[in-house]
Amino acid sequence: KANGYPPKDRLNTTDYVKLRDPMLLDSFSLALTSYPEFPSFAPLKDWDPKRPTQSLAWYQAYNATKHNREERLDAATLERAIHAVGATVVMFYAQFGWRPTLHWNESYALIKSVFTEQFDTNNHPHSGYIPDETILNSGLASPWGWKLVDYPFPS
């Protein structure tokens, strides 16, 4: 609403994929903290606006299993489940930042016990809706050290 996105009764992946670029969703990579042999992965890296449901193997598997469990249960693998949970972690980091704050210490501890994030923090210097606690507590800067800009969503 804040960016003038047209209201709809029901949003779907065609709508959600438009968040990929402004939230830098394709730049987050994760690894499993306790299983270093499990390859690191970027759950939203291949999200393609032209094929928003099909371009993510974990989401396509979820959708196929949801709609035809008897014939497509083989698509529901542990790897795809890990990637799906990883996608929610990416959304969490993209929305709230990657530094622990007073607002989400418990969630941060839980995420860190399972996942290790791997991304260039220089590409995300002020990402997230909640600013770094050191900025808030310093009194030297406003909570938001940058100018908020509306993102023009393509039609």
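Structural notes, computed from the coordinates.

Calculation notes
- Residues numbered from 1 in each chain as written.
- Predicted model: local features only at pLDDT ≥ 70, side-chain atom pairs only at ≥ 80, totals over all residues.
- Heavy atoms only, no water.
- Buried < 20%, exposed > 50% of the residue type's maximum accessible area, 1.4 Å probe, protein only.
- Helix = DSSP H or I, 4+ residues; strand = E, 2+ residues; numbered from the N terminus.
- Pairing = 2+ DSSP bridges.
- Core = buried A, V, L, I, M, F, W, Y, C linked by side-chain atoms within 4.5 Å.
- Contact = heavy atoms within 4.5 Å.
- Phe/Tyr/Trp six-rings, centres within 6.5 Å; stacked < 30°, edge-to-face > 60°.
- Salt bridge = Lys/Arg side-chain N within 4 Å of Asp/Glu carboxyl O.
- Expected span 1.5 Å × (residues − 1).
- Axes fitted to C-alpha atoms, helices over the stretch in contact; angles between N-to-C directions.
- Parallel < 35°, antiparallel > 145°, perpendicular 65-115°, else oblique.
- Left-handed = near helix turned anticlockwise from the far one by under 90°.
- Nonpolar A, V, L, I, M, F, W, Y, C, P; charged D, E, K, R; others polar.
- Polar contact = N/O pair within 3.5 Å; in protein donor to acceptor, adjacent residues only side chain to side chain.

Quick notes on the pairing of strand β2 (residues 115-118)
The side chains of a regular strand alternate, first on one face of the sheet and then on the other. Of the two faces of β2, only one is covered, namely that formed by F115 and E117; the face formed by T116 and Q118 stays uncovered. Here four bridges tie strand β1 (residues 29-32) to β2, and the two strands are oriented antiparallel to one another. What sits directly across from S29, in β2, is Q118.

Structural notes on the nonpolar core
L25, L30, L44, Y93 and F115 are the most contacted members of the largest nonpolar core, which has 23 residues in total. Of all the elements, helix α4 (residues 78-96) adds the most residues to this core, at seven residues. Residues in contact with F115, not counting those within four places in the same chain, are L30, A31, L32, T33, F41, I82, V85, G86 and V89.

Some thoughts on unusual backbone geometry
The phi angle at L24 is positive, at roughly 55°, despite the residue not being glycine. Judged by relative accessible area, L24 falls into the partly exposed class, the value being 29%.

What about the packing of aromatic side chains?
One pass over the structure, following the stated rule, counts five aromatic pairs. Centre to centre, the rings of F41 and F115 are 6.3 Å apart; their planes meet at 70°, and the pair counts as edge-to-face. Remark: F115 occurs in strand β2 and F41 occurs in the loop between β1 and α2 (57-67); sequence separation between them is 74 residues. Given the relative accessible area of 4%, F115 is considered buried. An aromatic cluster is present here, built from F38, F41 and F115 joined pairwise through their rings.

Focus on the environment of A2
As for its placement among the helices and strands, A2 is situated in the segment before α1 (13-16). Along the primary structure A2 and Y151 are separated by 149 residues, whereas in three dimensions their C-alpha atoms are 9.2 Å apart.

So, the pattern of salt bridges
Considering all chains together, one arrives at four salt bridges under this definition. D21 serves as the salt-bridge partner of R20, at 3.0 Å between the closest nitrogen and oxygen. Residue classification places R20 among the buried positions, given a relative accessible area of 15%.

Some remarks on α4
Compared with an ideal rise of 1.5 Å per residue, which puts 19 residues at 27 Å, α4 spans 27 Å between its outermost C-alpha atoms and is within 8% of the ideal. Looking only at α4, the buried set comprises I82, H83, G86, A87, V89, V90, F92, Y93 and A94. After α4 finishes, the residue G97 shows a positive phi value of roughly 90°.

Digging into the packing of α2 against α4
Remark: α2 packs on α4, axes separated minimally by 8 Å, with the N-to-C direction vectors making an angle of 110°. Classed by the angle they form, the pair α2 and α4 counts as roughly perpendicular. The interaxial crossing formed by α2 with α4 has left-handed handedness. Where α2 abuts α4, its residues A57, W58 and A61 lie against R80, H83, A84 and A87. Classifying every residue of the contact of α2 with α4 gives five nonpolar, one polar and one charged.

A closer look at the side chain of E117
Its location among the elements puts E117 in strand β2. A polar side-chain atom of E117 sits 3.0 Å from a polar atom in the side chain of K112. Setting aside residues up to four positions removed in sequence, E117 forms contacts with S29, L30, Y93 and K112.

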